[in-house]
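Structure assessment
For reference, the chains in residue letters:
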Amino acid sequence: MPLQSVNDFVVRFANVNGSGSASANELFARAVLRMGVPVAPRNIFPSNIQGLPTWYEVRISQAGYLGARGGTDLMVAMNPQTWDKDVAGIEPGGYLLYDSTKPMPKSKFRDDITVIGVPLTAICNREYTDPRQRQLFKNIIYLGALSALLDMDIAEIEKLIAEQYKGKEKLFDANKHALHLGRDWVMMNMEHPIGLRLQRANAVGDRIFIEGNSAAALGAVYGGATVCAWYPITPSSSLAEAFTRHCNRLRVDTAGKQNKFAIVQAEDELASIGIVIGASWNGARAFTATSGPGISLMQEFLGLAYFAEIPAVVFDVQRAGPSTGMPTRTQQTDIISCAYASHGDTKHVLLFPEDPAETFDFGAIAFDLADRLQTPVFVMMDLDIGMNHRLCRPLNWDDSRKYDRGKVMTAAALEAGKDFGRYLDVDGDGIPYRTYPGTHSTKGSFFTRGTSRDRYARYTEEGPAYADNMQRLLRKFETAKDLVPRPIQANADKPTKYGVIYFGSTSPAMDEAIQMLEASGQYLDRLRVRAFPFHSSVTSFIAEHDFIFVVEQNRDAQLRSLIVNECGIDPVRLVPILHYDGTPITARFIARAIGEHLDALKITPLRKVVS
């Protein structure tokens, strides 16, 4: 039976990279959104410039599920190279839309799906003579065909095209014509709509549609960042580019026509973090944006910032590794390398946002934390958050909010005779006072070095002084536990002895998976970790349950390892649920994996033998 569903299905576009399909596919997603129906698009693209396969998946869910679900209900197959794989991924009863200009053997189809052939190439060849026009308008033609097949509001697509080509009437007219070529062909030649349909709804509310990298960059602006030093690397480059756009709009002194920011593209990642550390030492709020390979190159300077206690913010948009790995695939693989970055004993602050709204929040908070703690702070994003548009709550900012610059010794305090030791802990929280360069003409100066020193920044290799300093750094890390964003806990509707811990971009799929598990009678309390060091509630949550599932997108269970190491937990009680093929984790994967473990944990008691 063909699938029947309104406002709840998955459409997947299979294209060739460089064919100009991205614009048409995004128009489709935005048009659905304009109809008041939530969407969650994901762009799956190769790391080369042109020629390899690319996919664009649109999750349509009036219920508001924004995680990847798994499976495809309607496949728009425009790439012969991936045909077999694409057809195999269609759900039983699903639909296949393809270019029927050339006949396809019956063996290329499946008996349990509905095949929809539209002669896209023939229509293009009839209408256009230029090869590039034929390719580009073919994408718009299949968008028009979809509008009829799914009963979409064609006016919404036309409005989006008008916005895209505002002031360029010829381009608008040409695209509108191509749109109706596809729509009119379906309406004249096929039964429509199909079993998958779109209806106007009011399920979007006041949520916004934004990429995580853009939101993070805006958070950096609002967080007071004035310096960005970076080296291009997928998938973080668009964060630095977005920061440039935001600064050009928000950080320009129009009266004096002066830019109030500095953006430096360095020669490599090591240089970029060096620039950040130098700017931060001088009192600026500075950051870099990078990914796993960049983190690897930054290790030595990260150790310097930790040991010399200089603020720095690093946005790590994680991808699949090791080495070059899969640059355009998503994973959560830098947890350990960032938590303990550099040689020697180090522990760094990590923030784990779940969506663009939290990347904005954490992007701003990171600068307060870095200044307050005088240490590097990592905002641990990933490609799924950074490079995809996501529906999220509006970005909020309190204009009365003051930046937390931490413990800064002023010239007045120095003049009054305050005892200043750059690495002197006077409050018992492990955080010393610092001075900005030039604070006082004769007092408050100190050497910043990566070598051992005493509490007054005097060079020494005496063991007790070194141990004292390292112990104070550990005390500061303990202080951070109450400063970072706390975990969010949600209990199941029924008492349960099982729980689940997860973080970051896994969140939307987890929300749906929990409902799937509850529908089958399996209940879990859940805890979303939002930062490292772990708040005491993480240990408490684990203690309250017999077994905890730890869901993450890497091979080596890095978050689980961090919990075991930092919280002293018996690893047997933490069950890893791992997904690491580079695609976003799905609700179906989580529900199936946890469900199988829960079934295995069930113990049927022996019946009492009656003598």
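What follows concerns the overall build of the protein. Counting its secondary structure elements, the protein contains 20 helices and 24 strands. Rg of the C-alpha trace for the protein: 27 Å, near the compact-globule value of 25 Å for 611 residues, within the 12% margin. With respect to the principal axes defined by its C-alpha atoms, the protein has extents near 95 × 90 × 40 Å. Taking all 611 residues of the protein together, the buried fraction comes to 56%. Of the roughly 26300 Å² of accessible surface on the protein, 52% is carried by carbon and sulfur atoms.

This part takes up the packing of helix α7 (residues 212–222) against helix α8 (residues 237–250). Axis separation between α7 and α8 bottoms out at 8 Å; the angle between their running directions is 45°. By the angle class used here, α7 and α8 are oblique. With respect to the hand of their crossing, α7 and α8 are arranged in right-handed fashion. On α8, the residues that touch N213, S214, A216, A217, L218, A220, V221 and Y222 of α7 are S238, L239, A242, F243, R245, H246, C247, R249 and L250. Residues that form the contact of α7 with α8 fall into these classes: eleven nonpolar, four polar and two charged.

Right, let's talk about the sheet that holds strand β21 (residues 525–528) for a bit. In spatial order, the strands read β19-β21-β20-β23-β24; together these five strands make up an open sheet with mixed pairing. The outermost strands of the open sheet, each flanked by one partner alone, are β19 (488–490) and β24 (574–578). Going across the sheet, the axis of each strand differs from the next one's by a mean of 20°, ignoring polarity. Summarising the sheet, strand β20 (residues 498–502) and strand β23 (residues 547–552) pair through four bridges and their orientation is parallel. Bridge pairing links V500 to F549 in β23. The strands that helix α17 (residues 507–519) touches are β20, β21 and β23; relative to β20, the one it contacts most, it runs at about 160°.

F13, F28, I60, L150 and M152 are the most contacted members of the largest nonpolar core, which totals 56 residues. Sorting elements by how many residues they give to this core places helix α4 (residues 131–149) first, with nine residues. With residues near it in sequence (within four places) discarded, L150 still touches F9, F28, L74, P193, I194, L196, R197 and L198. Of all hydrophobic cores here, the second largest spans 48 residues; its members include A339, L350, I542 and I548.

Compared with an ideal rise of 1.5 Å per residue, which puts 18 residues at 26 Å, helix α13 (residues 356–373) spans 25 Å between its outermost C-alpha atoms and is within 8% of the ideal. A large share of α13 lies buried, amounting to 16 of its 18 residues. The backbone nitrogen of A357 has a side-chain oxygen 3.2 Å away, supplied by the residue at the start of α13, namely D355. Trailing α13 by a residue or two, Q374 shows a phi angle of about 55°, which is positive.

Time to look at the packing of α17 against helix α20 (residues 587–601). One way to put it is that α17 packs onto α20 with a least axis distance of 8 Å and a crossing angle of 50°. For the element pair α17 / α20, the angle class is oblique. The two elements α17 and α20 meet at a crossing, and its hand is right-handed. Between α17 and α20, the residues in contact are A509, M510, E512, A513, M516 and L517 and A587, R588, I590, A591, I594 and G595, respectively.

Next up on the list: the sheet that holds strand β22 (residues 531–532). Read across the sheet, seven strands follow the order β13-β10-β14-β15-β17-β16-β22 without closing on themselves; strand pairing throughout is mixed. The open sheet has two edge strands with one neighbour each: β13 (262–265) and β22. With seven bridges joining them, strand β15 (residues 312–318) and strand β17 (residues 376–382) adopt parallel strand pairing. Bridge pairing in β17 places A312 opposite P376.

Here we come to helix α19 (residues 558–567). Within α19, burial applies to Q558, L559, R560, L562, I563 and C567. Buried-residue contacts for α19 involve α12 (335–339), β20, β22, α18 (536–543), β23 and β24. Looking one or two residues past α19, G568 carries a phi angle of roughly 65°, positive in sign.

Below, the discussion takes up unusual backbone geometry. The amide bond that connects H192 to the next residue, P193, takes the cis arrangement and shows omega of -5°. As for its position among the elements, P193 is in the loop between α6 (169–189) and β8 (196–197). Here the amide bond leading from T234 into P235 is cis, since omega sits at 5°, within 30 degrees of zero. By the element assignment, P235 lies in the loop between β10 (227–230) and α8. Here the phi dihedral of D151 falls at roughly 60°; this positive angle occurs in a residue that is not glycine. If you trace the backbone, D151 turns up in the loop between α4 and α5 (154–164). D151 gets classed as partly exposed once you look at its relative accessible area, which sits at 33%.

Relative to the helices and strands, H348 is located in the loop between α12 and β16 (349–351). Separated by 3.1 Å, the side chain of H348 and the backbone oxygen of A341 make a polar contact. Every residue in contact with H348, bar those within four places of it in the chain, is listed here: L302, Y306, C338, A339, Y340, A341, P376, F378, F477 and F532.

This part takes up the environment of K497. Note that K497 resides in the loop between β19 and β20. The class for K497 is partly exposed, based on a relative accessible area of 44%.

Scored by pLDDT, the protein comes out at a mean of 95, with 98% of its residues at no less than 70. pLDDT under 50 marks residues 604–611. Its contacts with residues more than four places away, or in other chains, come to zero contacts.

Summed over the entire model, instances satisfying the criterion amount to zero disulfides. Distance from the sulfur of C228, which forms no disulfide, to the nearest cysteine sulfur (C247) is 8.1 Å. Of all cysteine sulfurs in the structure, the one in C228 sits closest to C338, which takes part in no disulfide; the separation is 17 Å. For C338, a relative accessible area of 0% translates into the label buried.

The next point concerns the environment of S505. Positionally, S505 belongs in the loop between β20 and α17. With 153 residues separating them along the chain, S505 and F352 place their C-alpha atoms 8.6 Å apart. Residues within four places of S505 in sequence aside, it is in contact with Q332, P353, E354, D382, D384, I385 and Q553. In terms of polar contacts, S505 uses its side chain to reach the side chain of Q553, at 3.3 Å.

Conventions and cut-offs
- Going along each chain's sequence as written, the residues are numbered from 1 onward.
- Only residues with pLDDT of at least 70 get local features here, since the model is predicted, and only at 80 or more are side-chain atom pairs given and counted; chain-wide, interface and lining totals rely on the full set of residues.
- For side-chain calculations, the full set of non-hydrogen atoms in the structure is used, while hydrogens and water are omitted.
- We count a stretch as a helix when DSSP gives it H or I for four or more residues in a row; a strand needs E for two or more, and each element gets its number in order from the N terminus.
- Both definitions apply: the radius of gyration is a C-alpha atom measure, and the globule rule equals 2.2 Å times residues to the power 0.38.
- Each residue's exposure class comes from its accessible area (1.4 Å probe, protein chains only) as a fraction of the maximum for that residue type: buried when under 20%, exposed when over 50%, partly exposed otherwise.
- For every accessible area listed, the method is Shrake-Rupley and the probe measures 1.4 Å; residues are considered covered only by the protein chains on display.
- Orientation is described by axes fitted as lines to C-alpha atoms, over the contacting stretch for helices, and by angles from 0 to 180 degrees between their N-to-C directions.
- Throughout this description, any angle smaller than 35 degrees is read as roughly parallel, any larger than 145 degrees as roughly antiparallel, any in the 65 to 115 degree range as roughly perpendicular, and the remainder as oblique.
- For any helix crossing, the convention is left-handed if the near helix is rotated counterclockwise from the far helix by under a right angle, and right-handed if that rotation is clockwise.
- Contacts are assigned to residue pairs that have any heavy atoms within 4.5 Å of one another.
- For this scheme, ten residues count as nonpolar: Ala, Val, Leu, Ile, Met, Phe, Trp, Tyr, Cys and Pro. Four count as charged, namely Asp, Glu, Lys and Arg, and the remainder, Gly too, count as polar.
- DSSP calls a pair of strands paired once it identifies at least 2 bridges connecting them.
- Residues enter a nonpolar core if they are buried and are Ala, Val, Leu, Ile, Met, Phe, Trp, Tyr or Cys, with the set joined through side-chain atoms within 4.5 Å.
- By this rule the span expected of a helix is its residue count minus one, scaled by 1.5 Å.
- Within 3.5 Å is the distance limit for a polar contact, defined as a pair of N or O atoms, with the added protein rule that one can donate a hydrogen and the other accept it, and that residues adjacent in sequence qualify only through two side-chain atoms.
- Scored between 0 and 100, pLDDT is the confidence that the predictor attaches to each residue.
- Sulfur atoms of two cysteines make up a disulfide when they are within 2.5 Å.

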